[in-house]
Amino acid sequence: MLDPQARALIDLMIEKGVPPTHTMTPAQARAFYRDRRGFTQPDPPAMAEVRDLQAGAVPLRLYRPHASEEALPVLLYLHGGGWTIGDLDTHDVLCRQLAREAGCAVVAVDYRMGPEHRFPAAVDDCVEAFRWLLSQAADLHLDPRRTAVGGDSAGGNLAAALCLVQRDAGQPLPGFQLLVYPATDMRAVAPSHTTNGQGYMLTNDSIAWYRGNYIADAAQWTDWRASPLLAASHAGLPPALVLTAGYDPLRDEGLQYANVLSAAGVPTQYVCFERQIHGFITMSRVIEEAHTAVALCGGALRRAWGA
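Since we're looking at a predicted model, the values are computed, not measured.

Here is what the cut-offs are and how they apply
- Residues numbered from 1 in each chain as written.
- Predicted model: local features only at pLDDT ≥ 70, side-chain atom pairs only at ≥ 80, totals over all residues.
- Heavy atoms only, no water.
- Buried < 20%, exposed > 50% of the residue type's maximum accessible area, 1.4 Å probe, protein only.
- Helix = DSSP H or I, 4+ residues; strand = E, 2+ residues; numbered from the N terminus.
- Contact = heavy atoms within 4.5 Å.
- Salt bridge = Lys/Arg side-chain N within 4 Å of Asp/Glu carboxyl O.
- Pairing = 2+ DSSP bridges.
- Right-handed = clockwise from strand over helix to strand, strands pointing away.
- Axes fitted to C-alpha atoms, helices over the stretch in contact; angles between N-to-C directions.
- Parallel < 35°, antiparallel > 145°, perpendicular 65-115°, else oblique.
- Left-handed = near helix turned anticlockwise from the far one by under 90°.
- Nonpolar A, V, L, I, M, F, W, Y, C, P; charged D, E, K, R; others polar.

1. Overview of helix α7 (residues 204-214)
And step 1. Turning to α7, its buried residues number three or more, namely Ser206, Ile207, Trp209, Tyr210, Arg211, Asn213 and Tyr214.
And step 2. On the buried face of α7, the contacting elements are α2 (26-40), α4 (121-135), α5 (154-168) and α6 (192-195).

So this is what it looks like as structure tokens:
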């Protein structure tokens, strides 16, 4: 059964005639996503510090929950939005919530997006941001030994790809990966794309629109930087929490990724919020289980860092 609060949100969007994402231009979809976030997102929790930074050409935003010079553990967070929409502001509340729940600093990444900047620009920006963060950890009062990378949807895809890039390059890995309903297979062939492809906010039409904005050539769908599930090996990757939603077209991709990580010997936790829809973790003003999901993520990060 679909969560009644999720059902009420879907019904309200239908009643109000909210246009499907794939019927908009990227500019329209970005503005719509940014402007409507206040309806589903709670008021932003207070932080001791919120500061904009720059990793080369990549804009970042640093959150510190406590007024302290202590070297905090840090989560590099990559926002969702189909590699086309979303920014530092659309995920500002979630980053604050995660900082508070995990007792860590969060650094959000404003990576380049399609269709203006095609694959693999977003992957490259996220990798650059992580390497910059490690190099600047001391100056930012962050602990480079206690790091994590995370993201929701497209951001989960990028977080998984970042870990694979770092491993294959022999570069330092994050200590943990937090993958919230991640896209892991650009072919979109998992069964949940059929069972959940219409009627639950994220649709097959919108997925095709997002993918087309990000990747111009279908031959690149099987590149593991685009489809982390298809990497030749998942051995040696950081421990993970993979979180999915039962009424999400991406549900089975998340489960498949958790399974390949486990099969490769990577300590992996998997939790499916069976009654939820894609995108719910940012909707805690109207969906109560979003608070539960954020708390679950915060607890997993604390345990990963031995806190």
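Back to the text.
2. A closer look at the pattern of salt bridges
And step 1. Per the counting criterion, the structure on display carries 17 salt bridges.
And step 2. Two residues, Arg7 and Asp11, come together in a salt bridge whose shortest N-O distance is 3.2 Å. In this pair, Arg7 and Asp11 are both assigned in helix α1 (residues 4-15), 4 residues apart and thus about one turn of the helix distant.
And step 3. For Asp11, a relative accessible area of 37% gives the class partly exposed.
And step 4. As a salt-bridge pair, Asp92 and Arg61 come within 3.6 Å of each other at their nearest N and O atoms. Taken as a pair, Asp92 in helix α3 (residues 92-102) and Arg61 in strand β2 (residues 58-64) lie far apart in primary sequence, 31 residues in all.
And step 5. Look at the salt bridges and you will find they share partners, linking Asp52, Arg61, Asp89, Asp92 and Arg96 into a network.

3. Here's the deal with the pairing of strand β3 (residues 72-78)
Regular strands place side chains that alternate from one sheet face to the opposite one.
And step 1. Along β3, 7 of the 7 residues are buried, which leaves the element largely enclosed by surrounding structure.
And step 2. Sheet topology note: the β3/strand β5 (residues 142-152) ladder contains 6 bridges and is parallel. Pairing of Leu76 across the sheet is with Val149, part of β5.
And step 3. Bridging between β3 and strand β4 (residues 105-109) involves 5 bridges; their strand directions are parallel. For Leu78, the partnering residue across the bridge sits in β4 and is Val109.
And step 4. Note on the crossover from β3 through α3 to β4: the handedness is right-handed.

4. Here's the deal with the packing of α4 against α5
And step 1. The N-to-C vectors of α4 and α5 enclose an angle of 65 degrees; their axes lie 9 Å apart at closest approach. Taken together, the axes of α4 and α5 lie roughly perpendicular to each other. Viewed along their axes, α4 and α5 form a crossing whose handedness is right-handed. Judged by residue contacts, Ala122, Val123, Cys126, Val127, Phe130 and Arg131 of α4 engage Leu158, Ala161, Leu162, Val165 and Gln166 from α5.
And step 2. A class-by-class count of the residues in the contact of α4 with α5 yields 9 nonpolar, 1 polar and 1 charged.

5. Brief notes about the sheet that holds β5
And step 1. If you trace the 8 strands from one edge of the open sheet to the other, you get β1-β2-β4-β3-β5-β6-β7-β8, paired in mixed fashion. Each edge of the sheet is formed by a strand with only one pairing partner; in this case those strands are β1 (49-55) and β8 (268-273). Pairwise comparison of adjacent strand axes, ignoring direction, gives a mean angle of 20 degrees for this sheet.

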